[in-house]
Amino acid sequence: HRCLYALKVGWRVCWAKAEEEDERRHMAFISHDISMLRLFETFLENTPQLTLLLYIILRTNKAELSQGLGMGTAFLCVSWSLLDYHQSLRSFLQDKYELSLGSSIIYFLWNLFLICPRILALALFALLWPYGVAVHFSLVWLALFLWVSLQGTDFMESPGAEQLYRAMVAVILYFSWFNVARGRTLHRSIIYHGFMLVDSTLLGLAWLWGRAPGEEEHSYLIPVVSAALPCYLLGLGLRVTYYKWLHPNVQVQQEGRYDEVDASGGGDGVELRSFLEPDLVNRRMQWLAQTHFSLSQPAQQHFQNGAAAV
């Protein structure tokens, strides 16, 4: 419904010149909500379905061309939703530089290389213990839910809705990194990726241990499983590369400014886009943007994210 409504508003932006400025503000307001909802849909529906599809292919030991294409497209869409969400957060703030093409590609690839081994490990574990996946998900989800609760969030307007939001975030964390707390994320990221690496490795080793000796039916999976760990490490390497050399703050620091990602504290002063009137500020995206980014000196106008915001 929101996507259709956004198309309707976008159509009016193209043709209603007299109200173009107000419509642009309204369009930006809606687009931020859609980006967040798309991310939730991806990890609450599409990613579990992708895991199930991979499990079915491995169980039947055959795949139609359409299944292979659908699975490949699904992996790309999951990574794209993370990139789109990140770009939407940056476009919500007035003082943030936009991602360059190279930065966007690396951001996309690192998420792809981290998600693929995770889903493969879950599908392999389900191959031998289908009901064990439900137990595994329940235990890991509970641990992640408690972790999110300890970090503290203020996304919804009521305590009950806030708990539901934390539950959804825990589902996202079951597959991919998602920041929910202010402050530098380095230590939290190390803890999370270390936990995911150990957990996925144990799932893969459980499949290797539980498969029948001399089984030839899934022997082709041995090199695939062997490549999963290097794939995950490559994803971590790309993430380090992004923050070390390709993140927009590198460009800002070279010009004597400051534009740090994932917050270093004091996020209350983050400046919103000036095109947003007070009654059109998307409060939830504002909170998420303040969670991810810290206060910085305003960048020059020609470096701002005007395309996504205006």
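Preceding this section is the structure that the text describes.
Fair warning: this is a prediction, and the values are worked out from it, not measured in the lab.

Engineer: Describe the packing of helix H4 (residues 101–128) against helix H8 (residues 221–246), and please don't skip the residues or the numbers.
Structural biologist: For any two helices packed against each other, one specifies the crossing angle of their axes together with the interaxial distance. Between H4 and H8, the least distance of the axes is 8 Å, while the angle of their chain directions is 150 degrees. Here H4 is positioned roughly antiparallel relative to H8, judged by the angle of their axes. Judged by the twist between their axes, the crossing of H4 over H8 is left-handed. Its residues assigned to classes, the contact of H4 with H8 comprises 21 nonpolar, three polar and one charged.

Engineer: With reference to specific residues and values, describe unusual backbone geometry.
Structural biologist: Backbone geometry places asparagine 61, a non-glycine residue, at a positive phi of 60 degrees. Within the secondary structure layout, asparagine 61 lies in the loop between helix H2 (20–60) and helix H3 (65–92). On the basis of relative accessible area, asparagine 61 is assigned to the partly exposed category, the value being 31%.

Engineer: I'd like a description of the pattern of salt bridges, backed by residues and values.
Structural biologist: This model, assessed by the stated rule, comprises two salt bridges. In this structure, the salt-bridge partner of aspartate 84 is arginine 38, at a minimum N-O distance of 2.5 Å. Within this pair, whereas aspartate 84 is found in helix H3, its partner arginine 38 is found in helix H2, the two being separated by 46 residues in sequence. With a closest N to O distance of 2.6 Å, aspartate 199 and arginine 118 form a salt bridge. Of this pair, aspartate 199 sits in helix H7 (residues 186–210) while arginine 118 sits in helix H4, and the two are 81 residues apart along the sequence. With respect to class, aspartate 199 is no different from arginine 118; both count as buried.

Engineer: Tell me about helix H6 (residues 159–175), and name the residues and values.
Structural biologist: With 17 residues, H6 extends 25 Å from end C-alpha to end C-alpha; this agrees with the ideal 24 Å at 1.5 Å per step. Of the positions making up H6, those classed as buried are Glu162, Tyr165, Arg166, Ala167, Val169, Ala170, Val171, Ile172, Leu173, Tyr174 and Phe175.

Engineer: Describe the state of the cysteines, naming the residues involved and giving the relevant values.
Structural biologist: Within the structure shown, the criterion is met by zero disulfides. Free cysteine cysteine 231: the closest other cysteine sulfur is in cysteine 116, separated by 5.7 Å.

Engineer: Requested: an account of empty space enclosed by the protein, with residues and values cited.
Structural biologist: A full pass over the atoms with the stated rule returns two cavities of 30 Å³ or more. In this model, the second largest cavity occupies a volume close to 70 Å³. Element by element, the count of residues in the lining of the second largest cavity is highest for H4, at four residues. Classifying every residue of the lining of the second largest cavity gives seven nonpolar, three polar and one charged.

Cut-offs used in this document
- Residues numbered from 1 in each chain as written.
- Predicted model: local features only at pLDDT ≥ 70, side-chain atom pairs only at ≥ 80, totals over all residues.
- Heavy atoms only, no water.
- Axes fitted to C-alpha atoms, helices over the stretch in contact; angles between N-to-C directions.
- Helix = DSSP H or I, 4+ residues; strand = E, 2+ residues; numbered from the N terminus.
- Parallel < 35°, antiparallel > 145°, perpendicular 65-115°, else oblique.
- Left-handed = near helix turned anticlockwise from the far one by under 90°.
- Nonpolar A, V, L, I, M, F, W, Y, C, P; charged D, E, K, R; others polar.
- Buried < 20%, exposed > 50% of the residue type's maximum accessible area, 1.4 Å probe, protein only.
- Salt bridge = Lys/Arg side-chain N within 4 Å of Asp/Glu carboxyl O.
- Expected span 1.5 Å × (residues − 1).
- Disulfide = S-S within 2.5 Å.
- 1 Å grid on protein atoms, 1.4 Å probe; cavity = no way out; pocket = protein on both sides within 12 Å on 5 of 7 lines; lining within 4 Å.
- Points joined across faces, edges and corners; volume = space filled by probe spheres on them.

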